[in-house]
Amino acid sequence: MSSNLNPRQLEALKLVDAPLLVLAGAGSGKTSVITQKIAYLIQERGLPARSILAVTFTNKAAKEMRERVGKLLDSGQARGLTVSTFHQFGLNFLRAELAKTPLKPNFSIMDSDDAKRLIKELMHRDNMTSADSKTLINKAMSLISSWKNELIEPAQAMSKIEDPEDMIFVEVYKLYQRSLRAYNAVDFDDLIVLPSQVLAEHPEIEAKWQNRLQYVLVDEYQDTNHAQYDLIKRLVGKRGHFTAVGDDDQSIYAWRGAKPENMAQLGEDYPNLKVVKLEQNYRSTSRILEAANKVITNNPHLFEKKLWSDKGQGKQIRVKPCSNEDREAEWVANDIMVTKLKEGLEWKDFAVLYRSNFQARFLEANLRHLQIPYKLSGGTSFFARTEIKDIMCYLRLIMNSDDDSAFLRVVNTPKRGIGAVSLEKLGLFAQERALGLLEAASRPALAEHVPKRAAAELSEFARMIAHYTEELYQNDDPIPLVRQMVGEIGYIDLIKDESKTPQQEKNRLDNIEVLYQNIQGLINRAEPEDQTLEAALRKLLLLDMLEQQRDEDDTNQVSLSTLHAAKGLEFNHVYMMGLEEEMLPHRNSILSETVEEERRLMYVGITRARESLCLSYAKERRAGAERKPTSISRFLEELPGEDLIWAGKNNAPVEDPVLTAQRHIDNLRAMLANQKKA
DNA sequence: CGAGAGGTGATTTTT
DNA sequence: TCACCTCTCG
């Protein structure tokens, strides 16, 4: 073990008895360091696996880490080791310390979509919404979330507001927290905030966890927010036996509360903090790294670092000006095709990165036209799909009858003739008696408060949920029952009625099947004592189901991704599109003077590339109905000129772009045909 | 109550 | 350009 590590990496690995910050540049092998360190702690330092905690931000990263650690350890050695996301850890913590939390068993987890609906509902009820309600709701969401991330409780929020107009949001925050507790539900932020509060309020619990966790490793440390920082700090205690790995140049989530300053903060909180820099990059050619270094020197730095590599100079970075966004998309698609054929590459060698999701649209059409297979990262996640959320809410309601949020979503889906007016009356009835909505719906006395028809429907709905609850709790094999329920409540018919095309109908029905399979998979894989629908749902609610998505990842396709979603990935050949002012850097970031974060996005994009990088921009772009000239991104001008090669700049003869494209395509067709013959 | 018309707004999104 | 929301009418 600990083979193939360089001296710096080894130093980071062997430093155990003091707090350690590893400044790991892009591509510097940080995952190797973390995974090998875990193995080292267990095998060489004799730490029990269950005394080690490694936290990441994404399920994907956690999964990869688990797999890589698994390969380093003998079977059985990893037993009890925790490698999980912050949120997963928080959830397990809350379940372990339930008595010290304001929660009851089987509490629900609301995702941001649920939270948004709730906030909307609350603001609506208080007539706070005005003409631009969407903006207000978004503002409320982000303020509440940032308060939570700063560990500011509703009662303290009033003293923290900067703008008197934000006062109404303090009120929304209070109502929101109250609702969550009444629903026996938590949101994503609570999964971090509540554990931190429990530790703060109960020294004996804090001592217990500190005693249990003898070593903590944190990945992507620059992305931690204050609450996460606080949680880790409490878990490691004064002893500070931890490794934090991060790169302030890759901090691209400040807009949602991440604080790269947390890296510097460590030096103050732990005077004996050791810092190790990993500057050797194992990914990219030196020209690519030079470009990345050059761009990022325009930002102020917490820590100085300079990436280098011994992969050779490599090719120049291509820059391609295009006349407009259509030509740009066309050019990129064509260039991928040409490069692939010329150099005998595979589709998965290529990635196209962009700032905003909508930029992918133009490209998709062109890729399809050339029959280039591609996969879109991001987009609507599986769990955001209507049919999945609906069914999940049925299941949530079955697990937790207080989950009013789930109740409201499914009570009239499919349509049962229960409208907004009846629900409002039900809400009033429930409030007066301090009941959950489902409980209220089952009360006979309700009939005097809502229209007769609606009362009958509500009571029938409550009876039905009670029926399925009973069945599901009794049965060891829940999936057939869930399937039966989904059919019986008329959900399948709803999909058949509502789908506009046979394709859409099939997709939705397939999605539901995938959901069943995932629940089943989670049940099968769980520890024997945890093989319940409830345990499976708990995992599902944190989107912790990536088995077959992984398989999809391995297929041979061109990757289209936002710059954000590309962090942590690498590709042989990378295209970045839309290198224009107001695209990258994004318009809003110029206005809000957060261009530095955009520059880090540029940096992240550049450092995804192993062998080649190609940057394109459009000289003109549609803005509504008209075309507007663009100006070239400041980041392009920050690149080292000698490493760039401009394709088609000042190229005199103006050939009709449509003809050019057509010729390209004809050539490609011919090449393809030849290839097939050969 | 719900279908259909019209209006409006649109970064990034690990959980 | 599109998707989602809101309002109105049957």
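Our subject is the structure that appears above.
Residues numbered from 1 in each chain as written. Chains lettered and ligands numbered in written order. Predicted model: local features only at pLDDT ≥ 70, side-chain atom pairs only at ≥ 80, totals over all residues. Heavy atoms only, no water.

Q: Please clarify how the overall build of chain A should be interpreted in this entry.
A: The helix and strand inventory of chain A stands at 30 helices and 17 strands. Across the 678 residues of chain A, 53% fall into the buried class. Contacts in chain A between residues far apart in sequence, at least 24 positions, make up 78% of those at least 6 positions apart. Measuring between centres, the 91 positive side-chain charges of chain A sit 2 Å from its 99 negative side-chain charges. (Helix = DSSP H or I, 4+ residues; strand = E, 2+ residues; numbered from the N terminus. Buried < 20%, exposed > 50% of the residue type's maximum accessible area, 1.4 Å probe, protein only. Contact = heavy atoms within 4.5 Å. Lys, Arg positive; Asp, Glu negative; His and termini not counted. Charge placed at Lys NZ, Arg CZ, Asp CG, Glu CD.)

Q: I tried to follow the protein's contact with DNA strand B on my own but got confused; where do I start?
A: The full set close to DNA strand B counts 26 residues, and Asn 59, Arg 256, Arg 355, Gly 419 and Thr 562 are the nearest of them. Among all atoms of DNA strand B positioned within 4 Å of the protein, those belonging to sugar or phosphate total 52%. In this structure, a base oxygen belonging to DNA strand B sits 2.2 Å away from a side-chain N or O atom of Arg 355. At a separation of 3.0 Å, a phosphate oxygen of DNA strand B approaches a polar backbone atom of Asn 357. (Near = heavy atom within 4 Å. Polar contact = N/O pair within 3.5 Å; in protein donor to acceptor, adjacent residues only side chain to side chain.)

Q: How should the packing of aromatic side chains be read in this particular structure?
A: How two aromatic rings sit relative to each other is set out by the distance from centre to centre and by the angle between their planes. Under the criterion given, the structure shown has 11 aromatic pairs. Judged by centre distance (5.7 Å) and plane angle (85 degrees), the ring pair of Phe 89 and Trp 209 falls under edge-to-face. Highlighted residues: Phe 89 in helix α4 (residues 86-96) and Trp 209 in helix α10 (residues 203-212), separated in sequence by 120 residues. For the pair Phe 89 and Trp 209, a shared accessibility class is recorded, and that class is buried. Ring geometry for Tyr 253 and Trp 255: centres 5.8 Å apart, planes at 45 degrees, overall tilted. Residue Tyr 253 is classed as partly exposed on the basis of its relative accessible area, which comes to 21%. Residue class for Trp 255 comes out exposed when judged on its relative accessible area of 56%. (Phe/Tyr/Trp six-rings, centres within 6.5 Å; stacked < 30°, edge-to-face > 60°.)

Q: Quick question: what am I supposed to make of a positive patch on the surface here?
A: A cluster of basic side chains, namely Lys 116, Arg 117, Lys 120 and Lys 134, defines a positive patch on the protein surface. Top element by residues in the positive patch is helix α5 (residues 112-125). It accounts for three residues. Topologically, Lys 120 is positioned in helix α5. (Patch = residues over 30% accessible without salt bridge, like charges linked within 9 Å, V, L, I, M, F, W, Y side chains within 5 Å. Areas by Shrake-Rupley, 256 points an atom, 1.4 Å probe, with all protein chains shown as cover. Salt bridge = Lys/Arg side-chain N within 4 Å of Asp/Glu carboxyl O.)

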